[in-house]
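Listed here are the chains, written in short residue letters.
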Amino acid sequence: MPHKDVMHGSRAVAEAVKLCGVEVVAAYPITPQTHIVEDIAEMVANGELKAEYIMVESEHSAMSACIGASATGARVFTATASQGLALMHEVLWIASGMRLPIVMVNANRALSAPINIWNDQSDSIAERDSGWIQIYVETNQEALDSVIQAYRIAEDREVLLPVMVCMDGFVLTHTVEPVEVPDEEQVKRYLPELHLPHVLDPEQPVTMGSLGDPNYYMEFRKQQELAMENALRVAMQADEEFKEIFGRGYGLIEEYNLENAEIVLVTMGSLAGTIKETLDALGDDGVGLLRIRLFRPFPKEAVRRALSRAKVVNVIEKDVSIGFGEGALMTELKSVLYGSGIKVLGTVAGLGGRDITIAHIREAIERAKRALHGESVEEIAWAGLKEEAL
Amino acid sequence: MKVNIAACITEPGSSERNKTGGWRVFRPVINNERCIDCGSCWIFCPDASITREENGEYKVNLDFCKGCGICANECPSEAIEMVLEEK
Ligand code: SF4
Ligand code: SF4
């Protein structure tokens, strides 16, 4: 029977890893992810989870060990954050290039320098082109559910790509919320055993990740792109079936109060919770929220459909592309909405764990309203920036 | 040819089909008159591009030889000369 409990986001992830019967975990501790792999280590030590737990000397090694283990056909897991993810950068491309269905949780945290252990999403956004599927979750429940869905998507033969489940560091990892932990039998029903079609097997030796010269490299990259396209469909199916079995579904995007909204805030991750609170208090059906849950592959069509009635969009995001003056999500939204006539504004917020308050959200809505009424407004604002400190 | 998933190579020795001798600048030329059959070139060639024929003569496989000159350098009897590739 599924049971309800209150737990940290990190615990919710560990529970999901246990339910998925993960066979190999290789990890290196880093705040704010450490609780995840500590909890898993405990589960392995006390026999709750029969997995090989590999302690490594760095995140680069953690991902390398995951790649090796995954290539033998095992179900593998790791978790990281910030500098750890950055250190993995090189091997992330190897994991996706070798088409290994590794699942990793990234506890979103700002990058150094200066050292900052708090939450923003620059770390995983910087890896958006690494060939990993990226899911951004809003709640601890969604973190648990998304890890289970992630294996289902990653291991699908039409996909075979690694998945990064991104959850806001501290905001989710260290926050206690009620979480329903599914029943093991339910998860077994949802998640079939993994049979990797390309696998290291001494009986049928293969060479993996070898040379791809200019004659074939482009075809090989295109195959990855096609797999990503498949992942859109597979992720949708995985979510629908999840809903049938577990009673909860999230979609690739979440549409909140969008039916009549001419103004739409767009965001990813836990910030959606704050925005929903603000919208509920506002009680204005002209303002809605679009939460992007699946960032890679990007659900372009679904986003266009969801915004078909919108006039002004304000993208509130916890990352900025330095030198381009705006966040990556804003840039992508403009690209997806090109030619639609929808005005796209951007709000850079919450970098390095700066609080994003209801007042900031209201400001973002106000700016969008002014734009809607034809006033000229700043295209990009930094929420709560201390101008005097610059 | 279809590219396998993850560029996996599923049959042994398939690299032989991919001729890689094209970027050579110098070509080793063996003078079998001077050769003392010591086998050093055969051992040292990093690309297994030197073969010993049944009659005891040594030959270079130019489909794979990179022209590194190691064989010429190792030959104790100066039986290998590196000659500039000219079309
Ligand atoms: S030049 Fe280099 S690659 Fe060519 S045969 Fe001699 S040792 Fe081998
Ligand atoms: S190294 Fe020189 S002497 Fe020895 S086998 Fe080769 S060509 Fe002959």
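The structure displayed is predicted, hence computed values, not measured ones. (Residues numbered from 1 in each chain as written. Chains lettered and ligands numbered in written order. Predicted model: local features only at pLDDT ≥ 70, side-chain atom pairs only at ≥ 80, totals over all residues. Heavy atoms only, no water.)

**Comments concerning the domain arrangement of chain A**
Accessible area lost upon the coming together of the parts serves often as the stated size of an interface.
Residues and elements named next belong to chain A.
At step 1: Annotation of chain A at the domain level lists domain 1 (3–246) and domain 2 (253–389).
At step 2: Summarising the inter-unit geometry, the C-alpha centres of domain 1 and domain 2 are found 28 Å apart.
At step 3: Facing the 28 residues of domain 1 at the interface are 25 residues of domain 2.
At step 4: Summed over both sides, the interface of domain 1 with domain 2 buries roughly 2000 Å², with 53% coming from carbon and sulfur. (Domains from an automatic or database assignment. Contact = heavy atoms within 4.5 Å. Buried area = accessible area lost by both parts, 1.4 Å probe.)

**Quick notes on the side chain of serine 146 of chain A**
Residue and element names in this part refer to chain A.
At step 1: Along the chain, serine 146 falls in helix H6 (residues 140–155).
At step 2: A polar contact of 2.6 Å, which involves the side chain of serine 146, links it to the backbone oxygen of glutamate 142.
At step 3: If we ignore the near neighbours within four places in the chain, the residues touching serine 146 are Ile135, Val137, Val165 and Arg293. (Helix = DSSP H or I, 4+ residues; strand = E, 2+ residues; numbered from the N terminus. Polar contact = N/O pair within 3.5 Å; in protein donor to acceptor, adjacent residues only side chain to side chain.)

**Structural notes on the packing of aromatic side chains**
Residues and elements named next belong to chain A.
At step 1: All chains considered together, the criterion is met by 6 aromatic pairs over all chains.
At step 2: Aromatic pair tyrosine 217 and phenylalanine 220: ring centres 6.1 Å apart, planes at 50 degrees, arrangement tilted. Linking tyrosine 217 with phenylalanine 220, this pair stays in helix H8 (residues 217–246), spanning 3 residues, or about one helical turn.
At step 3: Relative accessible area serves as the criterion here: at 39%, tyrosine 217 is assigned to the partly exposed category.
At step 4: Residue phenylalanine 220 is classed as buried on the basis of its relative accessible area, which comes to 12%.
At step 5: Arranged with centres 6.1 Å apart and planes meeting at 80 degrees, the rings of phenylalanine 295 and phenylalanine 298 form a pair that is edge-to-face.
At step 6: Members of the aromatic cluster, joined through ring pairs, are Tyr136, Phe295 and Phe298. (Phe/Tyr/Trp six-rings, centres within 6.5 Å; stacked < 30°, edge-to-face > 60°. Buried < 20%, exposed > 50% of the residue type's maximum accessible area, 1.4 Å probe, protein only.)

**Some words on the sheet that holds strand S2 (residues 24–27) of chain A**
Remark on secondary structure: sheet strands pair via backbone hydrogen bonds, oriented parallel or antiparallel.
Residue and element names in this part refer to chain A.
At step 1: As summarised here, the arrangement of the 7 strands in space is S3-S2-S4-S5-S7-S6-S12, forming an open sheet in which the pairing is mixed. Only two strands of the sheet have a single partner each, and these edge strands are strand S3 (52–55) and strand S12 (294–296). Taken over all neighbouring pairs, the strand axes of this sheet differ in orientation by 20 degrees on average, direction set aside.
At step 2: As paired elements, strand S5 (residues 103–108) and strand S7 (residues 163–168) share 6 bridges and run parallel to each other. Looking across to S7, one finds that alanine 107 is bridged to methionine 167. (Pairing = 2+ DSSP bridges. Axes fitted to C-alpha atoms, helices over the stretch in contact; angles between N-to-C directions.)

**Side note on the site of ligand 2**
At step 1: Residues in close proximity to ligand 2 include Cys35, Ile36, Asp37, Cys38, Gly39, Ser40, Cys41, Tyr58, Cys75, Pro76, Ser77 and Ile80 of chain B, which together make up its full environment.
At step 2: Class assignment of the residues belonging to the shell around ligand 2 gives a composition of 8 nonpolar, 3 polar and 1 charged. (Near = heavy atom within 4 Å. Nonpolar A, V, L, I, M, F, W, Y, C, P; charged D, E, K, R; others polar.)

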